[in-house]
Each structure stands twice: as structure tokens, then as C-alpha cells.
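Results of the structural survey
The chain contents come next:
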Amino acid sequence: TAGILFTLLRESITFFSSTSIFDFYTGTQWSPWSGHFGVLPLITGTLLITLIAAIVAVPLGLMSAIFLSEYAINRARKIIKPTLEVLAGIPTVVYGFFALTFVTPLLKSLLPGLGVFNALSAGIVVGIMIIPMIASLSEDAMNSVPNNLREGALALGATKLEVAFKVVLPAAFSGIMASIVLAISRAIGETMIVVIAAGASPALTFDPTRSIQTLTAFIVQGATGDTTFGSTIYYSIYAVGATLFIFTLLMNMLSQYI
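The next point concerns the overall build of the protein. Each helix and strand counted, the protein has 12 helices and two strands in total. In terms of its C-alpha atoms, the protein occupies a principal-axis envelope of roughly 70 × 45 × 30 Å. In the protein, buried positions account for 45% of the 258 residues. A separation threshold of at least 6 residues defines the contact pool for the protein, and within that pool the share at least 24 residues apart is 71%. When the accessible area of the protein is evaluated, it comes to approximately 12800 Å², of which 69% is carbon and sulfur surface. Taking the average place of the 11 positive charges on the side chains of the protein and the average place of its 11 negative ones, the gap between the two points comes to 9 Å.

Printed below as a string of C-alpha cells:
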């Protein structure tokens, strides 16, 4: 951790010695090869992907956790949970091509004006990727709720659904929220899916049908053989990396606090 922080800070300080930190975080144009270093388009692109992923993953992950914890019989749980967790083992580059070659054509049949590269497809697939994290951690939180709370609610005449939503969910709320925050921080740091499916067009927009670029996607683009070592563009990679580090650090701190 100390080594990573040292590298990030050293190279970022070098970058900010030639570029204003205020202009970097408030600028609306990101075109490093023409000297424009306004990181806001990359931040909005990252937040857009994360928002779409959360809209997909949070309801599906929570419903999966409730089913596994409260409804599934042991035999079904032993089959479904490992199957769900297989999603977590699929390489993200495979998810990226799945988004580009399957999800995007499917969305284009519903939204004819949709481009080949777009935030919507990438966000949906990032959401699918983080479902196992929410489902697994939330189910663990729900399983830790004492059974006497369930039995007491059932004895008072509550239905199984009411027990799940009015007793188990509130009791496991901190664990569920921590799982959601961790999953969202995973979505913020996702690279290959957005590189393949979302394109590389930094734009200050929240339109999910457009091609965008995220913080991680620029790091991949910038870390190619075309970037000269010691150039401003080279150091900008570390400044963007430090920005991403701050985002994920804050999300992890929030998860720990919850």
C-alpha cells in the first residue's frame, strides 16, 4: 500500500507542477494529446457507468439474497449459490465482448439510434458482473439474523414476505449496505468492460446512449506505446489513477463505517 501510494503521489505531484489542480478538476474538456486536461468528462463517464450498474445490480442482488436466505430449500441453495458465484469468476474481458456482441445489438433493436459503443450496454453488463457480490454478502448478513426474530414475527401473524422485508432486511441493513457500497466501488474501478463496450470518447454527459470514456479506460488508453515516458500525458495517467484511488478509498471507508 505504501509503495502504491508513493508511486501515485510522486508522479501526480510532477503532473500538477505543470498543470493547475483547479483546472484539472473543473475543466470540461479532456483531450490530453492537444493539451486539454479537464478530468470532469472522465468522472461523469465513470459515475454514469456506476449508476447504471447499481440500478441493475442492487434490485437483482437483493432479490437473489432474499430468495436464497428466506425461501430456497437447502438443495436449491446448494445449486443456485455456486451457479450465481460463477459469474464472479468470468474474466471481465469476456464480459466486455458479451456487452459488445450480444447486449448492444439487443439494445439496438429496442433503441434504433443507439451507437455501437455506448454507456448503457457497458453499465448493464458491469451491473451483471457485480450481482454475485451483492447477493453473496447480503445473504451472509441475512443468515446472521437470529431465527427467533423470524419466529416471533411469524407467531404474531406476519407472512413470510413481511418477515423478509420488515424484520430480516432492517436487522441485516448494515451488512446489506456494506455489500452494496463494496459492489459500487468495484463498478467504479471496472476497466475491460468499459474499454471494450463504452468506447473512448470523453464527453461531459449523462446520456447513456452515447459513447463515453471512464477514468480506468483512459489509463488503458494512455498506457500504450504511443505515450512518451516523462511527458505530461504520461504523468496525467497517474493523476487520473490518483483520482480513481480517492473514489475507491472513500467508498471503502464508507463501507467500513456502515
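Put simply, helix H5 (residues 92-110) and helix H6 (residues 119-143) touch, their axes get as near as 9 Å, and they point 130° apart. It follows from the interaxial angle that H5 and H6 lie oblique. Remark: the crossing between H5 and H6 carries right-handed chirality. The segment H5 lies against H6, with Thr92, Tyr95, Phe98, Ala99, Val103, Thr104 and Leu107 engaging Leu120, Ser121, Ile124, Val125, Ile128 and Met129. For the contact of H5 with H6, the class distribution of residues is 10 nonpolar, three polar and no charged.

This paragraph deals with the packing of aromatic side chains. In total, this model carries 12 aromatic pairs according to the counting rule given. Geometrically, the ring pair formed by Phe24 and Tyr25 is edge-to-face, given 4.8 Å between the ring centres and 85° between the ring planes. Given a relative accessible area of 28%, Tyr25 falls into the partly exposed group. Aromatic side chains Tyr234 and Tyr235 sit 5.2 Å apart centroid to centroid with 75° between the ring planes, which places their arrangement in the edge-to-face category. Taking the relative accessible area as the measure of exposure, Tyr235 reaches 17% and is therefore buried. Taken together through their ring pairs, the aromatic side chains of Phe15, Phe16, Phe24, Tyr25, Trp30, Phe37 and Phe218 make up a single cluster.

Here the protein averages 86 in pLDDT, while 99% of its residues score no lower than 70. When mean pLDDT is compared element by element in the protein, helix H3 (residues 40-71) scores highest at 91, while strand S2 (residues 36-37) scores lowest at 78.

The next point concerns the pattern of salt bridges. Applying the stated criterion across every chain, the model contains six salt bridges. Taking the shortest distance from any N to any O, the salt bridge between Glu70 and Arg150 comes out at 2.9 Å. Remark: Arg150 occurs in helix H7 (residues 147-155) and Glu70 occurs in helix H3; sequence separation between them is 80 residues. Across the pair, exposure class does not vary: Glu70 and Arg150 are buried alike.

The next point concerns the nonpolar core. Ranked by size, the top nonpolar core spans 64 residues in total, and within it Phe24, Trp30, Val39, Ile49, Met142 and Val240 carry the most contacts. When contributions to this core are tallied by element, the ones reaching two or more residues are H3, H5, H6, helix H8 (160-171), helix H9 (173-188), helix H10 (192-197), helix H11 (215-222) and helix H12 (232-257). Look past the residues within four positions of Val240 in its chain and what remains in contact with it is Phe24, Trp30, Val39, Leu42, Leu215, Phe218 and Ile219.

Owing to its 3.6 residues per turn, the α-helix brings residues three or four apart onto one side. With 16 residues, H9 ought to run about 22 Å at 1.5 Å a step, and its terminal C-alpha atoms sit 22 Å apart, in line with that. Buried within H9 we find Ile176, Ala178, Ser179, Ile180, Val181, Ala183, Ile184, Ser185, Ala187 and Ile188.

Bringing H6 into the picture now. Here H6 is 25 residues long and its end C-alpha atoms lie 36 Å apart, about the 36 Å a rise of 1.5 Å per residue gives. In H6, a bend of some 35° at Ile130 exceeds every other bend along the element, and Pro132, a proline, comes one to four places later. By the criterion of burial, H6 is predominantly enclosed, with 19 of the 25 residues buried. One side-chain oxygen at the N-terminal end of H6 lies 3.2 Å from the backbone nitrogen of Leu120; it belongs to Asn118.

There is a patch of nonpolar side chains on the surface, built from Met63, Phe67, Tyr71, Ile79, Ile80, Leu161 and Phe165 and spanning about 640 Å² of accessible area. Of all elements in the fold, only H3, helix H4 (74-89) and H8 reach the threshold of two or more residues within the nonpolar patch. It is H3 that contributes the most residues to the nonpolar patch, three residues altogether. Secondary-structure assignment places Ile79 in helix H4. Of the residues examined, Ile79 reaches a relative accessible area of 52% and is grouped as exposed.

Let's shift gears to the side chain of Thr46. Examined against the element boundaries, Thr46 turns out to sit in helix H3. A polar contact of 2.8 Å, which involves the side chain of Thr46, links it to the backbone oxygen of Leu42. Dropping the residues within four chain positions of it, Thr46 is found in contact with Ile188, Thr214 and Leu215.

What counts as what
Residues numbered from 1 in each chain as written. Predicted model: local features only at pLDDT ≥ 70, side-chain atom pairs only at ≥ 80, totals over all residues. Heavy atoms only, no water. Helix = DSSP H or I, 4+ residues; strand = E, 2+ residues; numbered from the N terminus. Buried < 20%, exposed > 50% of the residue type's maximum accessible area, 1.4 Å probe, protein only. Contact = heavy atoms within 4.5 Å. Areas by Shrake-Rupley, 256 points an atom, 1.4 Å probe, with all protein chains shown as cover. Lys, Arg positive; Asp, Glu negative; His and termini not counted. Charge placed at Lys NZ, Arg CZ, Asp CG, Glu CD. Axes fitted to C-alpha atoms, helices over the stretch in contact; angles between N-to-C directions. Parallel < 35°, antiparallel > 145°, perpendicular 65-115°, else oblique. Left-handed = near helix turned anticlockwise from the far one by under 90°. Nonpolar A, V, L, I, M, F, W, Y, C, P; charged D, E, K, R; others polar. Phe/Tyr/Trp six-rings, centres within 6.5 Å; stacked < 30°, edge-to-face > 60°. pLDDT = per-residue confidence, 0-100. Salt bridge = Lys/Arg side-chain N within 4 Å of Asp/Glu carboxyl O. Core = buried A, V, L, I, M, F, W, Y, C linked by side-chain atoms within 4.5 Å. Expected span 1.5 Å × (residues − 1). Bend = angle between axes of the 7 residues up to and from the residue. Polar contact = N/O pair within 3.5 Å; in protein donor to acceptor, adjacent residues only side chain to side chain. Patch = residues over 30% accessible without salt bridge, like charges linked within 9 Å, V, L, I, M, F, W, Y side chains within 5 Å.

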